[in-house]
Amino acid sequence: MSLREKIWADWIWFPEGHGWADLTDHDGKVFPKMQDLWATVPIAFCFLVIRQIFERTVATPVASLLGVKDKQRVYAPSNPTLESYFCSTSKHPTQSSIESLSKTAGCSERQVQRWFRRRRNQDRPNKHKKFREACWRFTFYLLAFFAGLAVLVDKPWFYDLEQMWEDFPKMPLVPSQYWYYNLELGFYLSLLFSVASDIKRKDFKEQIVHHVATILLISFSWLVNYIRAGTLIMLVHDTSDYLMESAKMFNYAGWRKTCNFMFTMFAAVFIVTRLVILPFWIIHTTWVYPLTLYPPFLGFYFFNGLLMVLQVLHIFWAVLIVRMVVKFLPGNDIVEDERSDKEETESEDEEEDSEGKEKSKNGHIQNGHTSLNNNLRKRN
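So, how was this worked out
- Residues numbered from 1 in each chain as written.
- Predicted model: local features only at pLDDT ≥ 70, side-chain atom pairs only at ≥ 80, totals over all residues.
- Heavy atoms only, no water.
- Helix = DSSP H or I, 4+ residues; strand = E, 2+ residues; numbered from the N terminus.
- Buried < 20%, exposed > 50% of the residue type's maximum accessible area, 1.4 Å probe, protein only.
- Contact = heavy atoms within 4.5 Å.
- Areas by Shrake-Rupley, 256 points an atom, 1.4 Å probe, with all protein chains shown as cover.
- Phe/Tyr/Trp six-rings, centres within 6.5 Å; stacked < 30°, edge-to-face > 60°.
- 1 Å grid on protein atoms, 1.4 Å probe; cavity = no way out; pocket = protein on both sides within 12 Å on 5 of 7 lines; lining within 4 Å.
- Points joined across faces, edges and corners; volume = space filled by probe spheres on them.
- Nonpolar A, V, L, I, M, F, W, Y, C, P; charged D, E, K, R; others polar.
- Axes fitted to C-alpha atoms, helices over the stretch in contact; angles between N-to-C directions.
- Parallel < 35°, antiparallel > 145°, perpendicular 65-115°, else oblique.
- Left-handed = near helix turned anticlockwise from the far one by under 90°.
- Salt bridge = Lys/Arg side-chain N within 4 Å of Asp/Glu carboxyl O.
- Core = buried A, V, L, I, M, F, W, Y, C linked by side-chain atoms within 4.5 Å.
- pLDDT = per-residue confidence, 0-100.
- Patch = residues over 30% accessible without salt bridge, like charges linked within 9 Å, V, L, I, M, F, W, Y side chains within 5 Å.
- Lys, Arg positive; Asp, Glu negative; His and termini not counted.
- Charge placed at Lys NZ, Arg CZ, Asp CG, Glu CD.

Engineer: It is not clear to me how the overall build of the chain should be interpreted in this structure. Could you clarify?
Structural biologist: For the chain, the helix and strand inventory stands at 14 helices and two strands. When the 380 residues of the chain are sorted by exposure, 46% land in the buried category. By sequence separation, contacts in the chain at least 24 residues apart represent 79% of the contacts at least 6 residues apart. Roughly 20600 Å² of accessible area belongs to the chain as shown, and the carbon and sulfur atoms make up 61% of that amount.

Engineer: Explain the packing of aromatic side chains here, please?
Structural biologist: For any two aromatic rings, the description comes down to two numbers: the centre-to-centre distance and the angle of the planes. Scanning the model with the defined rule gives 38 aromatic pairs in all. With a centroid separation of 5.9 Å and an interplanar angle of 80°, the aromatic rings of Phe187 and Tyr188 are classed as edge-to-face. Each member of the pair, Phe187 together with Tyr188, is buried. Within the aromatic cluster, the residues linked to one another by ring pairs are Trp8, Trp13, Phe14, Trp20, Trp165, Phe168, Phe220, Tyr226, Tyr294, Phe302 and Phe303.

Engineer: I tried to follow empty space enclosed by the protein on my own but got confused; where do I start?
Structural biologist: Empty space among the atoms becomes visible once a probe the size of a water molecule is rolled across them. Applying the stated criterion to the full structure yields five cavities of 30 Å³ or more. Considered as a void within the structure, the second largest cavity measures approximately 130 Å³ in volume. For the second largest cavity, the lining is made up of 13 residues, of which Thr214, Leu217, Ile218, Ile233 and Met234 are closest to its centre. Residue assignment for the lining of the second largest cavity shows that the elements contributing at least two residues are helix 8 (175-193), helix 9 (204-223) and helix 10 (227-253). Of all the elements, helix 10 adds the most residues to the lining of the second largest cavity, at five residues. Looking at the lining of the second largest cavity residue by residue, the classes come out as seven nonpolar, four polar and two charged.

Engineer: Can you help me understand the packing of helix 7 (residues 127-152) against helix 8 in this one?
Structural biologist: In helix packing, the relevant descriptors are the interaxial angle and the interaxial distance, both defined with respect to the helix axes. At their nearest, the axes of helix 7 and helix 8 sit 10 Å apart, and the two run at 160° to each other. It follows from the interaxial angle that helix 7 and helix 8 lie roughly antiparallel. Here helix 7 and helix 8 pass one another in a crossing that is left-handed. Counting all contacts with helix 7, which are made through Trp136, Arg137, Phe140, Tyr141, Ala144, Gly148 and Val151, the residues of helix 8 involved are Ser176, Gln177, Tyr180, Leu183, Glu184, Phe187, Tyr188 and Leu191. For the contact of helix 7 with helix 8, the residue count by class is ten nonpolar, three polar and two charged.

Engineer: Help me out: how do you make sense of the packing of helix 3 (residues 40-66) against helix 8 in this one?
Structural biologist: For the pair helix 3 and helix 8, interaxial distance at closest approach is 8 Å and the crossing angle is 60°. One finds that helix 3 runs oblique with respect to helix 8. Helix-helix and strand crossings are classified by hand; for helix 3 and helix 8 the assignment is right-handed. Residue-level inspection shows Thr40, Val41, Ile43, Ala44, Phe45, Phe47 and Leu48 of helix 3 in contact with helix 8, the latter providing Asn182, Leu183, Leu185, Gly186, Phe187, Leu189, Ser190 and Phe193. Grouping the constituent residues of the contact of helix 3 with helix 8 by class yields eleven nonpolar, four polar and no charged.

Engineer: In this structure, what is going on with the pattern of salt bridges? I would like to understand it.
Structural biologist: Two side chains with opposite charge may pair up if their charged atoms get near one another. Scanning the entire structure with this criterion turns up seven salt bridges. The shortest N-O distance in the salt bridge between Lys155 and Asp154 comes to 2.9 Å. Linked by salt bridges that have partners in common, Arg51, Glu55, Glu133 and Arg137 make up one network.

Engineer: What is the right way to look at the nonpolar core in this model?
Structural biologist: Soluble, globular proteins show a tendency: their nonpolar side chains are buried together. Among the nonpolar cores identified, the biggest contains 86 residues, and Phe131, Tyr226, Phe263 and Phe303 are the most heavily contacted of them. Among the elements of the structure, helix 2 (10-13), helix 3, helix 7, helix 8, helix 9, helix 10, helix 11 (256-287) and helix 12 (298-331) are those that each provide at least two residues to this core. In terms of residue count, helix 10 provides more of this core than any other element does, 15 residues in total. Residues Leu82, Tyr85, Ile98 and Trp115 belong to the second largest nonpolar core, which totals ten residues.

Engineer: What is the right way to look at the confidence of the model for the chain in this model?
Structural biologist: The predicted coordinates of low-pLDDT regions are not to be read in fine detail. When the pLDDT values of the chain are averaged, the result is 82; 83% of them are 70 or greater. This stretch, residues 348-380, has a pLDDT under 50; its non-local contacts, to residues over four places away or in other chains, come to 18 contacts.

Engineer: Honestly, a negative patch on the surface in this entry has me stumped. Any pointers?
Structural biologist: Among the surface-exposed residues, Asp160, Glu162, Glu166 and Asp167 lie close enough to one another that they form a single negatively charged patch. Examined against the element boundaries, Asp167 turns out to sit in the loop between helix 7 and helix 8.

Engineer: I would appreciate a short explanation of the environment of Phe187 in the present structure.
Structural biologist: Mapped onto the elements, Phe187 comes out in helix 8. Residue Phe187 is classed as buried on the basis of its relative accessible area, which comes to 0%. Through-space distance from the C-alpha of Phe187 to that of Thr40 is 8.5 Å; in sequence the pair is 147 residues apart. Setting aside anything within four residues of it in sequence, one finds Phe187 in contact with Phe47, Trp136, Phe140 and Tyr141.

Engineer: Sorry if this is basic, but what is going on with a nonpolar patch on the surface here?
Structural biologist: On the surface, Val272, Val276, Phe280 and Trp281 cluster together into a nonpolar patch covering about 420 Å² of accessible area. Counting through the fold element by element, Trp281 comes out in helix 11.

Engineer: Got a minute to help me understand unusual backbone geometry in this structure?
Structural biologist: Each neighbour pair has its own omega, and for Phe168 with Pro169 the value is 0°, a cis peptide bond. Relative to the helices and strands, Pro169 resides in the loop between helix 7 and helix 8. For Asp167, which is not a glycine, the phi torsion comes out positive at approximately 60°. With a phi close to 65°, Asn225 is a non-glycine residue in the positive phi region. Summarising the element assignment, Asn225 is placed in the loop between helix 9 and helix 10. For Asn225, a relative accessible area of 2% gives the class buried.

Following this line, the structure appears as structure tokens:
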């Protein structure tokens with residue numbers, strides 16, 4: 001046997017007595033095929049093009065309508081020495097590096113710190129960019145959610161999960177499932193392609209793992225005809241995602257109460273769908289129930305292993321969500337996304353400068369010795 005035949009052997013991916021021959025079209029019945037997945041690559045590039053058009057023609061006017069405004073930034077002055085260090089060495093120099101750069105660039109340590117702070121802010125995305133990205137994802141997730149409902153609402157396994165295994169794997173494919181799968185997979189591929197230009201948050205690595213696991217899960221469930229389970233899993237994910245993106249949009253627009261309300265809705269739906277419905281209903285039906293019908297096989301473990309990776313990520317994000325809810329509920333403050341890289345403000349410099357002036361005014365240093373009055377003040 002060739003390596004390809006060994007990898008795609010029936011006993012690896014299907015329960016005993018079943019195999020790839022079961023997915024051969026016959027009697028007008030169509031089944032998923034590996035070559036169908038290639039269609040998702042041009043779909044992903046179409047999404048990238050549509051996104052650019054959408055952000056310019058739809059998201060930007062909506063941002064203006066909702067009153068999204070960017071803070072005016074103070075740009076770092078031109079300094080080749082500091083710029084070279086910033087680009088080639090580090091954006092966050094150590095204290096020893098600041099002292100060295102201060103001598104080389106001919107400016108004070110305070111000026112070096114201020115320059116790096118302003119230079120870092122220049123690279124951070126502004127609110128308009130964040131709003132456009134959130135608006136694009138909100139639109140897709142909302143449409144995908146209703147599309148998923150339309151695909152599943154008349155299916156018996158939507159109400160009785162055990163029917164997702166009825167006559168497996170000889171379950172014919174319907175056109176609505178074909179397009180639902182291809183559009184979802186194409187969208188997640190586009191997110192992976194655009195990851196370099198999208199806003200990077202603190203959970204960047206977890207997002208990459210999520211995108212890769214989702215792409216593998218959708219692709220694998222298509223190949224071995226786990227489509228009924230796959231459509232349910234995609235719908236569960238789309239149920240809460242558009243609420244999160246809408247909360248971000250209102251956050252960037254400064255609509256505090258609306259943002260808090262949408263985020264509270266998102267948190268409730270996320271916890272119910274990702275921490276209750278997905279593990280205790282869907283994963284239970286893909287992990288426990290099949291063992292009453294078939295002996296375990298490698299494909300069974302691979303599929304459920306990917307689901308468990310997603311579930312671990314859900315728990316990780318649920319902790320962040322609960323922390324954010326706890327922060328804003330008591331004081332009714334606006335939601336702050338803990339994953340975001342917050343912009344540094346000039347207030348730090350102002351505080352340091354005011355402290356320095358206060359110390360000079362009070363005679364903090366006198367001939368190299370600490371003032372007695374100042375020490376007493378500190379003790380008091």
